[in-house]
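Structure at a glance
One-letter residues, chain by chain:
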Amino acid sequence: ALPPDHEPFHKAVVNKPMSQDEPEDEPKDEPEDGHEDERNERRKEFKAFSAEDAVYGKSVHALRMNGGPAFAMKDLHSGDFLGKLKDDAKAERRNYQDSILSQKEFVHKLYTSSNKQEKEVRDEFVKILKCLHNGSSPDQDSTSKEFLEIFEESFGKNGNGFNFARHIDEYVDDILSQGKTFPLSYAPLNNQEREVIDRFDLKFNKKDEFVKVIENIINETPSTDLDPASKMFKKTFEDDKEGFNLRYKEKYVDYWLYKYGLEKRGMEIDTFLILPEEKLVIEMETKSIKEGNNFAGKIKEASKQLENFRNFLTATQRDILSEDWQFVKVIALPLIENIFSTENQLKMKEKKLDICEYCKNYVLDKRNLDEIHKWIERIRKTVPEKFEVDHEYRNLAQRTMTFSALKQKFDEASFSLAKNRERNAECMIGKNTGLTSEKLEAENKSGDAICSEQTFILWRMDQLAALKDNHPRVFLVGEYGTGKTYVLKAKAQEIAKSMEGVLYLSLGAADRYKSKCDGPDIKKSILEICDEIDFKTFPNIKVQGFKDILDEFIADGGKLSSISDCGKLRDTVILGHIINKEENRGKHIFIDEFPLRRAKKTTRMKGNPFSRGIQGIPG
């Protein structure tokens, strides 16, 4: 969680120019540049983001204070759990469509080159599919061979991706239907789509009404007394009615209800906590509403969101959680001092919002959130019996992380997408050139997506090779987001577990301080704070960021003749002094963001990356 009051983060998100054309030093009191509305929108987004982030940060801090195992995640989206199933379902539907279109071309050629009638062709195709279904071999004449080749191209050998029990007759009828086109909406619900419908309990209770809407539109009969859902469906179908085949009306409605149901499942929870010893799952929805605004409406909205997300979680995780687990819904209002003041209760009464005494314990205002560790402790005490931390908790935490990593798009504040490299660097170290500074596409050289699940949870083969390499000097180079720092930290922790000493130096923020390295007060960057947290449980790992290194150099009598001398950190003097100290001799040295000499106008390395070396270190 990024502290909202952290200077570089605040500068990067709130005061960042609205476009590339907007000058960096634009006067704040002269917003006549056409960007004022955009800037106000950005500040509004920041207010919401900072409120959510503050609640998440306070919650994580409280969990650390209270001790005991726990899991916390910010911005858990229901779509994370749907991604793979949705992709597989859509691929299966496209396979069906492609197969039908190819078979239509084949049938057209068959009719023109032979005297076969439609019934004869139909019976022959059905017989072939039934033979495949029964595991017997169909007759291998030229017609059968070509039909099978097209079928297997879409559904695999022996049709493993085809639902024989449901779709044999439908498939053949679709091939022989009139017209050369076959829209995706004409395909029947496939196995993967039915899995999604069952898993997420999608409702199809409006099907008959929607089928009637289609019949009325095609037959040009007016539809009366339509409810809002039917009106929405009618508007959608109006765009597809041209050339529509009434034979497919039910399949069209099935597919529309499937897609609409998935859209309704697109929910997000701002803070997601798991307390395994109490078997509690806490969903926390944050609203950045202020005093005097319509907070009653926001509370109702949050309550509905929490209820929907709870239903979603119970549907998706019921296969791995026992009945002992309880779900706790919480509304967080960090910008309101006392939500239950006399004045605020009168406003709620005006809006017909009645919150019972029990539920008031789960609506947290600024007062509660400032002492959220006490609230979490109270919640823990409501569960008298402590449970053993078992496979249910591990499965839930691992499933949550894995599905989140599998999603194709990450939020704007994510540390993963290359398009956000500059903003991430500026948030973490206060400057957008302190971290890896290449301008990158969304994929790395090996073709793996930078936001692939391997980057977050599983080691790739090249990363694993680096971890297993015990060469005395190893140089890791890779593009932004490929896991260099993950590998470094994992190797450092692995060595530390064998009780050997480690010195971990993080130089990512070095450039940030060059202009003020002789100042009295240098704040640590987010990157340096993260390093300290990651190694907190390893007493034999000494972690130093730029501020620590510089402070130690000056404390040891080192002198800086000018501000530009800070640059020597990346050359020889300061870094060499730290590594050569008696207390650090014999330790394993890890340096994140090692300085490289690069050729002009290119990001490719030229010659030996250690060409300048470190003073006093051989090689």
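Refer to the structure above for everything that follows.
Below or above, wherever it landed, is the structure these notes cover. (Residues numbered from 1 in each chain as written. Predicted model: local features only at pLDDT ≥ 70, side-chain atom pairs only at ≥ 80, totals over all residues. Heavy atoms only, no water.)

Considerations on empty space enclosed by the protein
For the record, the criterion: Buriedness for pockets is judged along seven lines, at least five of which must meet protein on both sides within 12 Å for an open set on the 1 Å grid over protein atoms alone, while cavities are sets there where a 1.4 Å probe fits but cannot get out, and lining residues have an atom within 4 Å of a point. Grid points are joined across faces, edges and corners, and a volume is the space filled by probe spheres set on the points. Secondary structure elements are taken from DSSP: a helix is a run of H or I of four residues or more, a strand is a run of E of two residues or more, and numbering for both begins at the N terminus. Each residue is assigned to one class: nonpolar for Ala, Val, Leu, Ile, Met, Phe, Trp, Tyr, Cys and Pro, charged for Asp, Glu, Lys and Arg, and polar for all the others, Gly among them.
Applying the stated rule across the entire model yields 1 cavity of 30 Å³ or more. Counted as a void, the largest cavity has a volume near 80 Å³. Along the walls of the largest cavity sit Glu92, Arg93, Tyr96, Phe155, Gly161, Phe162, Asn163, His167, Pro188, Asn190 and Asn191, which together make up its complete lining. For the lining of the largest cavity, the element with the highest residue contribution is helix 3 (residues 79–113), accounting for 3 residues. Its residues placed into classes, the lining of the largest cavity shows 4 nonpolar, 5 polar and 2 charged.

Description of the pairing of strand 2 (residues 268–275)
Where we set the bar: Only protein chains enter the accessibility calculation, which uses a 1.4 Å probe; a residue is then buried when its area is under 20% of its type maximum, exposed when over 50%, and partly exposed in between. Paired strands are those between which DSSP finds at least two bridges.
For strand 2, the buried fraction is high: 7 of the 8 residues fall into the buried class. Sheet topology note: the strand 1 (residues 71–77)/strand 2 ladder contains 6 bridges and is antiparallel. Note on strand 2: the bridge partner recorded for Ala72 is Leu273. Bridge count between strand 2 and strand 3 (residues 280–286): 5 bridges; the pairing is antiparallel. Bridge pairing links Phe272 to Glu283 in strand 3. Counting the residues that bridge the hairpin from strand 2 to strand 3 gives 4 residues, and of these Lys279 lies at a positive phi of roughly 55°.

A word on the sheet that holds strand 4 (residues 326–333)
Our working rule: Helix axes are fitted only over the stretch in contact, all axes being lines through C-alpha atoms; the angle between N-to-C directions runs from 0 to 180 degrees. The contact criterion used is simple: two residues touch if any of their non-hydrogen atoms lie within 4.5 Å.
The mixed open sheet is built from 5 strands, whose spatial order is 1-2-3-4-5. Sheet topology places strand 1 and strand 5 (363–365) at the edges, where each strand pairs with a single neighbour. On average, each strand axis in the sheet is inclined to that of its neighbour by 25°, with strand direction left out of account. With respect to the sheet, helix 11 (residues 295–317) is in contact with strand 1, strand 2, strand 3 and strand 4, its orientation differing from that of strand 4 by roughly 155°. Across the face of the sheet, helix 14 (residues 372–381) comes into contact with strand 2, strand 3, strand 4 and strand 5 while running at roughly 145° to strand 3.

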